[in-house]
Structures are given as C-alpha cells and as structure tokens.
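Chain residues, written in single-letter form:
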Amino acid sequence: MQIKFGRVWVNLSFSFVAVITLMLLLCEEEIVLVSLFSSLFHEAGHLFFILLFSDVPQKISFGAFGIRIERNFTGSISYKKEAVIALGGIAGNFILAFSSLIFYSINKSSISFKIFAVNIFVAVFNLLPVRQLDAGCFVNCVLQDAADIIKSERIMRCITLITVVFILVCCIIYNACLGFNISFIAVTVYLISITVSKELNNDK
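This text gives an overview of the structure that appears in the document. (Residues numbered from 1 in each chain as written. Predicted model: local features only at pLDDT ≥ 70, side-chain atom pairs only at ≥ 80, totals over all residues. Heavy atoms only, no water.)

## Focus on the nonpolar core
Inference 1: Core analysis: the largest hydrophobic core is formed by 13 residues, its most contacted members being Phe16, Ile60, Phe62, Ile67 and Ile85.
Inference 2: Secondary structure elements with two or more residues in this core: β2 (8-12), α1 (14-26), α2 (29-52), β3 (59-63) and β4 (66-70).
Inference 3: When neighbours within four sequence positions are excluded, Ile85 is seen to be in contact with His46, Phe49, Ile50, Phe53, Arg71 and Ile77.
Inference 4: In terms of nonpolar packing, the next biggest core, distinct from the first, is built from nine residues, Leu128, Leu133, Val164 and Ile167 among them. (Core = buried A, V, L, I, M, F, W, Y, C linked by side-chain atoms within 4.5 Å. Buried < 20%, exposed > 50% of the residue type's maximum accessible area, 1.4 Å probe, protein only. Helix = DSSP H or I, 4+ residues; strand = E, 2+ residues; numbered from the N terminus. Contact = heavy atoms within 4.5 Å.)

Right, here's the structure in full:
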C-alpha cells in the first residue's frame with residue numbers, strides 16, 4: 001500500500017505487517033510497541049538531519065527489514081553531510097535511551113527501562129560496519145570522500161563480509177557452547193539477509 005504525503009511516498013508492505021504479527025506472537029506486546037517506537041525515533045533522527053541539510057526524502061518504506069528512508073542521491077549534499085545523516089539515527093536512539101534512563105532513575109518504571117534497553121540495542125546494532133546499517137553508511141561516505149567510488153565500494157564490501165562472517169562464527173560458537181539463543185540467531189540471520197539482498201541488487 002502506498003500513500004503520498006506532499007512530495008513523499010509512504011510504502012507499507014505486507015511483509016512489514018507479517019513481521020509485526022510474528023513479533024506479537026513471540027514477544028510481549030509492550031516490547032513490540034517499544035521496538036516499533038524506537039525504530040520510528042531512529043528514522044526521525046535521520047530525517048532531522050536530512051531536512052536540516054535542505055534535502056527531502058523520496059520514500060519512507062515499511063518492509064520486512066524494518067523502516068527505511070529512501071532518497072535520490074543527486075550529489076547536492078557533501079559526503080561529510082551524508083556521514084552526519086547516517087549517524088543521525090544512532091544519535092536519536094542514544095538520546096532516547098539516556099532520557100528513558102533518567103525517567104527510570106526517578107520512577108523505576110519498567111517501560112522506561114525497556115525503552116532504554118531497546119534503544120541501546122538498536123544503537124549498538126547499527127554501529128556494526130555493515131553496508132546496510134548506519135555505521136556502514138558512515139564508513140562508506142568517508143571512503144568515497146577519500147577515494148574513487150569503485151575502490152570505496154570494494155573496500156566497503158570487504159568490511160561488510162568480514163563483519164557478517166565474524167558475527168556468524170560468534171553465533172555458531174555461542175550457541176554450540178552456551179546453548180540455544182534465538183535473539184542471537186535472529187540478529188545473525190537478519191545481517192546475512194540484508195547483505196545477500198544488497199549484493200543481489202548490485203548484480204542486477
């Protein structure tokens with residue numbers, strides 16, 4: 001389903017609804033709502049800097065791999081500003097995590113602690129140097145600012161593959177030695193999925 005708000009398309013796919021439904025079946029409803037709110041706040045961090053640098057998103061997509069802001073890269077924004085935009089989501093999560101921790105210290109609310117924990121996880125996860133994640137976008141901007149696009153793409157691909165393989169090995173060792181951990185497996189599968197999806201799209 002697509003809805004247009006001004007110049008921006010909002011795309012809500014069936015896969016996003018399916019993922020949320022699955023999460024509701026497997027997790028607490030409160031955790032699902034906190035995760036969705038944290039994801040929206042994460043994207044709001046990106047959007048803040050996009051608008052600050054006088055750019056406009058083309059599409060906001062709600063899909064199986066989460067919420068993404070899609071833009072037409074015209075080259076009007078420098079790589080340094082693109083790097084700031086890439087880290088905007090992480091900054092948003094850290095701000096929300098810090099704010100919720102203050103509220104938790106005051107009223108010991110369980111929801112405040114859950115918001116803190118989820119946002120710390122989202123922020124740290126996006127600090128992985130994987131091309132589809134925020135830190136990967138940041139590294140890619142730095143590389144493209146320092147070298148030509150082809151060379152930077154090759155370096156970024158190597159960094160991504162090394163990171164994903166490292167996480168996969170850690171997941172296998174952890175589950176073999178310490179027992180089955182569905183969260184670690186889910187994170188690993190997600191990383192592999194977004195990496196494979198990106199590589200397939202590049203080959204088209």
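## Digging into α2
Inference 1: Given a rise of 1.5 Å per residue, 24 residues ought to cover 34 Å, and the 34 Å separating the end C-alpha atoms of α2 matches this to within 8%.
Inference 2: Those residues of α2 that sit buried are Val32, Val34, Ser35, Ser38, His42, Glu43, Gly45, His46 and Ile50.
Inference 3: Here the buried face of α2 lies against α1, β4, α3 (79-107), α4 (110-125) and α5 (134-146).
Inference 4: The first or second residue beyond α2 is Ser54, which carries a positive phi of 60 degrees. (Expected span 1.5 Å × (residues − 1).)

## Describing a nonpolar patch on the surface
Inference 1: Together, Leu168, Ile172, Ile192 and Val196 line one region of the surface with nonpolar side chains, adding up to about 310 Å² of accessible area.
Inference 2: At the level of secondary structure, the elements contributing two or more residues to the nonpolar patch comprise α6 (149-178) and α7 (182-203).
Inference 3: Within the element layout of this structure, Leu168 appears in helix α6. (Patch = residues over 30% accessible without salt bridge, like charges linked within 9 Å, V, L, I, M, F, W, Y side chains within 5 Å. Areas by Shrake-Rupley, 256 points an atom, 1.4 Å probe, with all protein chains shown as cover. Salt bridge = Lys/Arg side-chain N within 4 Å of Asp/Glu carboxyl O.)

## Digging into the pattern of salt bridges
Inference 1: Applying the stated criterion across every chain, the model contains two salt bridges.
Inference 2: Note that Lys114 is salt-bridged to Glu30, the shortest N-O span being 2.6 Å. Of this pair, Lys114 sits in helix α4 while Glu30 sits in helix α2, and the two are 84 residues apart along the sequence.
Inference 3: Residue classification places Glu30 among the partly exposed residues on the basis of a relative accessible area of 32%.
Inference 4: Arg131 is the partner of Glu153 in a salt bridge, and the nearest nitrogen-oxygen pair spans 2.5 Å.

## A closer look at the packing of aromatic side chains
Inference 1: Counted by the stated rule, this structure contains eight aromatic pairs.
Inference 2: A centroid spacing of 5.1 Å and a plane angle of 85 degrees characterise the contact between Phe48 and Phe49, whose relative ring orientation is edge-to-face.
Inference 3: Judged by relative accessible area, which is 22%, Phe49 ranks as partly exposed.
Inference 4: Taken together, a centroid distance of 6.1 Å and an interplanar angle of 45 degrees make the contact between Phe113 and Phe116 tilted. With a gap of three residues between them, Phe113 and Phe116 both fall in helix α4, about one helical turn apart.
Inference 5: For Phe113, a relative accessible area of 40% puts it in the partly exposed group. (Phe/Tyr/Trp six-rings, centres within 6.5 Å; stacked < 30°, edge-to-face > 60°.)

## A closer look at the packing of α5 against α6
To characterise two packed helices, one gives the angle between the axes of the helices and the distance between these axes.
Inference 1: Across the interface, α5 lies against α6 with an axial gap of 9 Å and an inter-helix angle of 150 degrees. With respect to each other, α5 and α6 are oriented roughly antiparallel. Crossing handedness for the pair α5 and α6: right-handed. Residue-level contacts link Gly136, Val139, Asn140, Leu143 and Gln144 of α5 to Ser152, Glu153, Ile155, Met156 and Ile159 of α6. (Axes fitted to C-alpha atoms, helices over the stretch in contact; angles between N-to-C directions. Parallel < 35°, antiparallel > 145°, perpendicular 65-115°, else oblique. Left-handed = near helix turned anticlockwise from the far one by under 90°.)

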